[in-house]
Amino acid sequence: MPKQREIIYGWLLAVLLGLSGLALLMGGIRLVGEGGSPYYLVAGAAFLATGILVWRRNALALWLYAATLLGTLLWALWEVGFDWWQLAPRGDLVVVLGVLLALPWAVHTLDRPATGARGGWVALGGVLAISLLVALVALILPWHELGGSLPANAAPSVMDTAGVPDNEWHAYGRTGYGERYSPLDQITPQNVGQLQVAWTYHTGDIRNPQRDPTETTYEVTPLLIADTLYLCTPHDLVIALDAETGQQKWRFDPKINEPPKIDTQHLTCRGLSYAPAPAAGAAPATPAAPDCSARLFLPTVDGRLIAISAATGKICPGFGGPSGTVNLWANMPNVTAGSYYSTSPPVVTSHLIIVGGAVNDNVSTKEPSGVIRAFDLNSGALVWNWDSRNPDATAPIAPNATYSENSPNSWSVSSYDPKLGLVYVPMGNQPPDQYGAGRDANVEKYSAAVVALNAETGKVAWVFQGTHHDLWDMDVPAQPSLLDLTIAGKTVPALVVPTKQAEIFVLNRQTGVPILPVTEETAPQGAAPGDKAAPTQPHSALSFQPANLTEASMWGISPFDQMLCRIDFRSLRYEGRNTPPSEQGSLIYPGNFGTFNWGGVAVDPQRQAVFAMPVYLAFTSQLVKRPDATSRVVTKPDEPPFNENFGAPYAVKMGAFLSALGIPCQAPPWGYVAGADLTTGKIAYQHVNGTVRDLSAVPLPLKLGVPGIGGPIVTKGGVAFLTSTLDYYARAYDLVSGKQLWESRLPAGGQATPVTYLSKSGRQFLVVVAGGHGSTGTKAGDTIIGYTLPKQG
C-alpha cells in the first residue's frame, strides 16, 4: 500500500499534469484553428488523460506518458533535427514531468491494477533514457556553426593609407575610406589573451531616464591623433585624454540647448571629425587663433557644427563667424527643436566639410529636409547643397529660400575617395517609412541607396539602391568601406555596402556597377490600399540573408510560450523577406534593427576580406488607420509621438517579435561573427557569438548568440575586436578562423566601435567605450577603458 505522502505526491502530480494539459489543449485548439501544428492539441489531451489516470492511481498512466514522450521526441526531431536550442522548449516540460512520474513516489501510487506499473515504468524509463541521449548528442553537435578560414597570410596592400600614420586613428573608420582596419600587428592571436586594463576614465555623462530620450546612447568611436585621444559623449561634451595614461587633458562643453525629451528621438554622438594643420605654405585655418591650426568638428543635438582647437579644446573663431559655429538649421523647413540633428561625424576633405543629418522617423509627413551640405573648411561658408528631392540644384541656396521638406536623409557616416573626388553617402528614407504612396520620382530613386556625390560640386556621379520602394525602414545604415580588390589579376576600386536586409553589395566605386553579381528577386506584393510594393528586390552574391521563418522556427523556454509564439506567427502576415506592412500585422525578417546597422563591417585590404557581425531579429509592423492628420492613435499625449505619422493615412505599431516573456519568438542564434572573401562573395565562417548573461533574469552565460549594435575593427596582426553584443564584454577573435580568443567584462553596454593605436611608448592599445544603449536596454554607464599587453622586461 502506498504511504499517505506518496498519495499526496501523486495527487499533486496529477493536478500539474492536468493543468499543463488544459493549457496545451486550449492553445492547441487555437493554433489548429490558425492552420498550425496539431501537436499541442494532441499533447494537451494526452497530458490531461495522464493526469486523470494518475489521480485514479491507474498504471496505464505510465504507458500513456511513455507514448506521449516518444511521440514528442519523434515530432521534435522531425521539425528541427538535432538543434539543441530548438529541442529544449519542445522537450523540457515533457521530460521533467516524465522524470517526476517515473520516481518511486509516483510509481508506488499506481497500484491499479496491482501488477501493472512495472512494465510501464520500464517503458517510460527507456524513453527518458533515449530522450536524454538525443539531448546529449544535440548539445555536442555544432548545429549553427560554419567552419572555414580566410587567407592566413596578408598580401601587400594595394591601397594607400589616406595620409594617416599607421599608429593613429584619424576618422570614424580610421581613415575616410571607412575600412575600420589598422595596420598594427603588435597584438596577435598568440598574445591577445594577455591584454589587460591599462587605464579607465569616466566621462561623467550618464543617461538620465527622466530627462533624456530613450535612445540616449554611447556610440562614439574615439580618434587618436599624435598622443591624444578625442571623444564625444551623448550630450556633446568633447574630451581629450592622454593616450598612454587616460588622464584628461581638456574638456569642452558646447552648452547644448537640449530639445524637449518628447520631441527628440536620439541623443547620440558617434564621433568627431578632424582637420589637420595646413601643409607648409598653405593658408592657415584661422589666422586669429594660432592654436586652431589642427581642429576638431562637433555636430550637436541642437543643430550646430562647431570648430574647436585640437590642442586646447577652445572654440576656433572664423568658422561660421566669431562663434566658430555653423547653424545647421539655416534654410530648413519645419523647424522644431529635436526634429533635426547630425549624430555622425562629417566628412573632411582638404578644404571642405560635408555634413548630413537625421530627421525624426515616423512622426509626420512635414519634417525638416535631409539635405547634404558642404561648407568651406576655414570660413564655414556654404559651398554646395544636395537635396535629394531637388538633386540638380546644388548651388548654394538663396538666403531666404528653404530646402525641400521631408526629403530622404543621411543620418549615418559617409566615406570619401580623394583620388576620385567622390563622397559616398548612405541614404535613409522619407517619413513615413512604412507607407510609400505619393513618393515622388526623386524620393523613389534616392531612398535606401548609396549615392556618390562629386565632392567639389555636390553633383550626383551615380546611385545604387539597396531596397526598392522601401516600406520597412531599411535605410543604408552604415558607412560604405573603400578598398581595392584584385580580381582576375586586375585592380578594381571597390565599395563595400552592408545593409539592414543582410546584403553586402560590392560595387565599383568609380561607376556604381556591381563587382559581385546582384540579381533582382521577386518580392511579395499586396501593400496597403493606395500604396504599392516593388515587384523585385536586389540580392547580392555576398549575402547573409537568413532562411525564411516557419512555424517550426518559433521558440520559447517552455512549450507554453513557444505555442503562443506559434499562434502569433500564424496570425501575422508573412510571405518571406519584404512582406509589406499591413493592418493585419506583418512579420518583417530581417527586422528594421538590421542584419547590419550603423556599426557596419570591417574590411581587410590585404586579405581582401570582410569581418562582420550579422544579427537576426524579426520585427512586426502593423498599420493603424488614422482618423485625421493630427490625432494620436498609437501613443499617449505625454509620450513622444513616434510612429504616429501625422498627415499620413496610417500610423504604425512596430517592434521586435517577442513572446509573452519578453524574449524573441524566433529561435536562436540571434547573433554571429562572420568572415567572407570580397573577391568571390564566399562566406568562409560564421560562428555563434555572445551569451544571454545580461539578457536573462538569471545571469547564465549561455552562448545562444545574441544581437548587437556597433561595429568591429580588424588589424594587420590578424585580430578582430568587437564590443557590440548585448552582453557586456569586449572580445577578440582570430580574423582567419573567427574563433574567439579573449574577452573582458565591461561595466555597462558596449554598443560602440573600438579603436586601436600605438601610444608614445610604442605599445599597442585597444580602447573601448562602455556607456550603454537606451533603445536596446543595456546598462547605462560612462566608462572608457584602455587595454594593452603587459610591459616586457
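Residues numbered from 1 in each chain as written. Predicted model: local features only at pLDDT ≥ 70, side-chain atom pairs only at ≥ 80, totals over all residues. Heavy atoms only, no water.

J.: Kindly report on the overall build of the chain, identifying the contributing residues and their values.
T.: Across its full length, the chain carries eight helices and 41 strands. Relative to the globule expectation of 28 Å for 793 residues, the C-alpha radius of gyration of the chain, 29 Å, shows essentially globular dimensions. In terms of its C-alpha atoms, the chain occupies a principal-axis envelope of roughly 105 × 75 × 55 Å. The buried share among the 793 residues of the chain stands at 61%. In the chain, once contacts between residues fewer than 6 apart in sequence are set aside, the share between residues at least 24 apart is 64%. A total accessible area of about 28400 Å² is found for the chain, and carbon and sulfur atoms account for 59% of it. (Helix = DSSP H or I, 4+ residues; strand = E, 2+ residues; numbered from the N terminus. Rg over C-alpha atoms; globule rule 2.2 N^0.38 Å. Buried < 20%, exposed > 50% of the residue type's maximum accessible area, 1.4 Å probe, protein only. Contact = heavy atoms within 4.5 Å. Areas by Shrake-Rupley, 256 points an atom, 1.4 Å probe, with all protein chains shown as cover.)

J.: I'd love a proper account of the pattern of salt bridges, names of residues and values included.
T.: Opposite charge on two side chains lets them pair, provided their charged atoms get close. A complete count under the given rule lists 23 salt bridges for this structure. Notably, a salt bridge pairs Asp 302 with Arg 304, separated by 3.1 Å at the nearest N-O pair. Exposure remark for Asp 302: the relative accessible area of 15% places this residue in the buried category. When the shortest N-O distance is used, the salt bridge between Glu 551 and Arg 566 registers 2.5 Å. Pair noted here: Glu 551 is in the loop between strand E27 (536-540) and helix H8 (559-571) and Arg 566 is in helix H8, with a separation of 15 residues, a long-range link. Overall, Glu 551 belongs to the buried group, its relative accessible area being 6%. Given the relative accessible area of 0%, Arg 566 is considered buried. Salt bridges sharing common partners tie together Glu 79, Arg 90, Glu 551, Arg 566 and Arg 570. (Salt bridge = Lys/Arg side-chain N within 4 Å of Asp/Glu carboxyl O.)

J.: Residue-level account of the packing of helix H3 (residues 60-80) against helix H4 (residues 84-102), with values.
T.: Taken N-terminus to C-terminus, the directions of H3 and H4 make an angle of 165 degrees; their axes are 10 Å apart at the nearest point. By the criterion of interaxial angle, the relationship of H3 to H4 is roughly antiparallel. Classified by chirality, the crossing of H4 by H3 is left-handed. Along the contact surface, H3 presents Ala 61, Leu 62, Tyr 65, Leu 69, Thr 72, Trp 75, Ala 76, Leu 77, Glu 79 and Val 80, while H4 presents Gln 86, Leu 87, Arg 90, Leu 93, Val 94, Val 95, Leu 97, Gly 98 and Leu 101. Within the contact of H3 with H4, the residues separate by chemical class into 14 nonpolar, three polar and two charged. (Axes fitted to C-alpha atoms, helices over the stretch in contact; angles between N-to-C directions. Parallel < 35°, antiparallel > 145°, perpendicular 65-115°, else oblique. Left-handed = near helix turned anticlockwise from the far one by under 90°. Nonpolar A, V, L, I, M, F, W, Y, C, P; charged D, E, K, R; others polar.)

J.: Break down empty space enclosed by the protein for me, citing the residues and quoting the values.
T.: A complete count under the given rule lists five cavities of 30 Å³ or more for this structure. As for the largest cavity, its lining consists of 14 residues, and the residues nearest its centre are Ile 354, Val 355, Gly 356, Ser 412 and Ser 414. Residues belonging to the lining of the largest cavity are distributed by class as follows: eight nonpolar, six polar and no charged. Reported here for the second largest cavity is a volume of approximately 80 Å³. If you trace the second largest cavity, you find it lined by Phe 593, Gly 594, Thr 595, Phe 596, Asn 597, Gly 599, Gly 600, Met 613, Val 615, Gly 708, Ile 709 and Gly 710. (1 Å grid on protein atoms, 1.4 Å probe; cavity = no way out; pocket = protein on both sides within 12 Å on 5 of 7 lines; lining within 4 Å. Points joined across faces, edges and corners; volume = space filled by probe spheres on them.)

J.: So, the side chain of Ser 759: which residues are in play, and what are the values?
T.: Along the chain, Ser 759 falls in the loop between strand E39 (755-758) and strand E40 (764-770). Given a relative accessible area of 7%, Ser 759 falls into the buried group. Apart from residues lying up to four places away in sequence, Ser 759 is in contact with Glu 244 and Phe 765.

J.: Before we move on, can you summarise a nonpolar patch on the surface with the specific residues and values?
T.: On the surface, Ile 8, Trp 11, Leu 12, Val 15, Leu 19, Leu 22, Met 26 and Trp 55 cluster together to form a nonpolar patch covering roughly 820 Å² of accessible area. At seven residues, helix H1 (residues 4-33) tops the list of elements feeding residues into the nonpolar patch. Tracing the chain through its elements places Leu 22 in helix H1. (Patch = residues over 30% accessible without salt bridge, like charges linked within 9 Å, V, L, I, M, F, W, Y side chains within 5 Å.)

J.: Mind laying out the state of the cysteines, listing which residues take part and the relevant values?
T.: In the structure shown here, the tally under the stated rule is three disulfides. Disulfide pairing places Cys 292 opposite Cys 316 at an S-S distance of 2.0 Å. The disulfide joining Cys 292 to Cys 316 has a torsion of about -95 degrees about its S-S bond and is therefore left-handed. Of this pair, Cys 292 sits in the loop between strand E9 (273-275) and strand E10 (295-299) while Cys 316 sits in the loop between strand E11 (304-309) and strand E12 (325-327), and the two are 24 residues apart along the sequence. (Disulfide = S-S within 2.5 Å.)

J.: Give a detailed account of the sheet that holds strand E41 (residues 783-788), specifying residues and quantitative values.
T.: Within the open sheet, the four strands sit side by side as E2-E41-E40-E39. Their pairing is antiparallel. Every interior strand has two partners, whereas the edge strands, strand E2 (196-202) and E39, have only one. Neighbour to neighbour, the strand axes of the sheet diverge by 25 degrees on average, direction disregarded. Across six bridges, the pairing between E2 and E41 is antiparallel. (Pairing = 2+ DSSP bridges.)

J.: How would you explain the packing of aromatic side chains if you had to name every residue and give the values?
T.: Summed over the entire model, instances satisfying the criterion amount to 21 aromatic pairs. Ring plane angle 75 degrees and centroid distance 5.6 Å describe the contact between Trp 555 and Trp 670, whose orientation is recorded as edge-to-face. Of this pair, Trp 555 sits in the loop between E27 and H8 while Trp 670 sits in the loop between strand E32 (650-656) and strand E33 (672-677), and the two are 115 residues apart along the sequence. The two residues Trp 555 and Trp 670 agree in class, both being buried. (Phe/Tyr/Trp six-rings, centres within 6.5 Å; stacked < 30°, edge-to-face > 60°.)

J.: So what about the nonpolar core? Which residues, and what values?
T.: Formed by 53 residues in total, the largest nonpolar core has its most connected members in Leu 195, Trp 199, Tyr 230, Leu 296, Phe 721 and Tyr 787. With six residues, E40 is the single largest residue contributor to this core. Ignoring any residue separated from it by four or fewer positions in sequence, one finds Phe 721 in contact with Ile 187, Val 192, Leu 195, Gly 711, Pro 712, Ile 713, Thr 715, Arg 731, Ala 732, Pro 754 and Leu 766. Grouped together as the second largest cluster of nonpolar side chains are 40 residues, Phe 47, Leu 93, Val 94 and Ile 567 included. (Core = buried A, V, L, I, M, F, W, Y, C linked by side-chain atoms within 4.5 Å.)

J.: Quick rundown of H8? Include the residues and the values.
T.: A rise of 1.5 Å per residue sets the reference length of H8, with its 13 residues, at 18 Å; its end C-alpha atoms lie 18 Å apart and thus fit the reference within 8%. Within H8 the residues assigned to the buried category are Pro 559, Asp 561, Gln 562, Met 563, Cys 565, Arg 566, Ile 567 and Phe 569. Residues of H8 that are buried sit in contact with H1, helix H2 (39-55), H3, H4 and strand E28 (586-588). (Expected span 1.5 Å × (residues − 1).)

J.: Residues and numbers for the pairing of strand E31 (residues 619-625), please.
T.: One face of the sheet, then the other: side chains in a regular strand alternate in exactly this way. Both E28 and E31 contribute to a ladder of three bridges, which runs antiparallel. In the sheet register, Ile 588 faces E31, and the bridge partner there is Phe 619. Judged from the seven bridges that link them, E31 and E32 form a sheet pairing that is antiparallel. Following the sheet pairing, Gln 622 is matched in E32 by Lys 653.

Any link to function would need more than the numbers given here.
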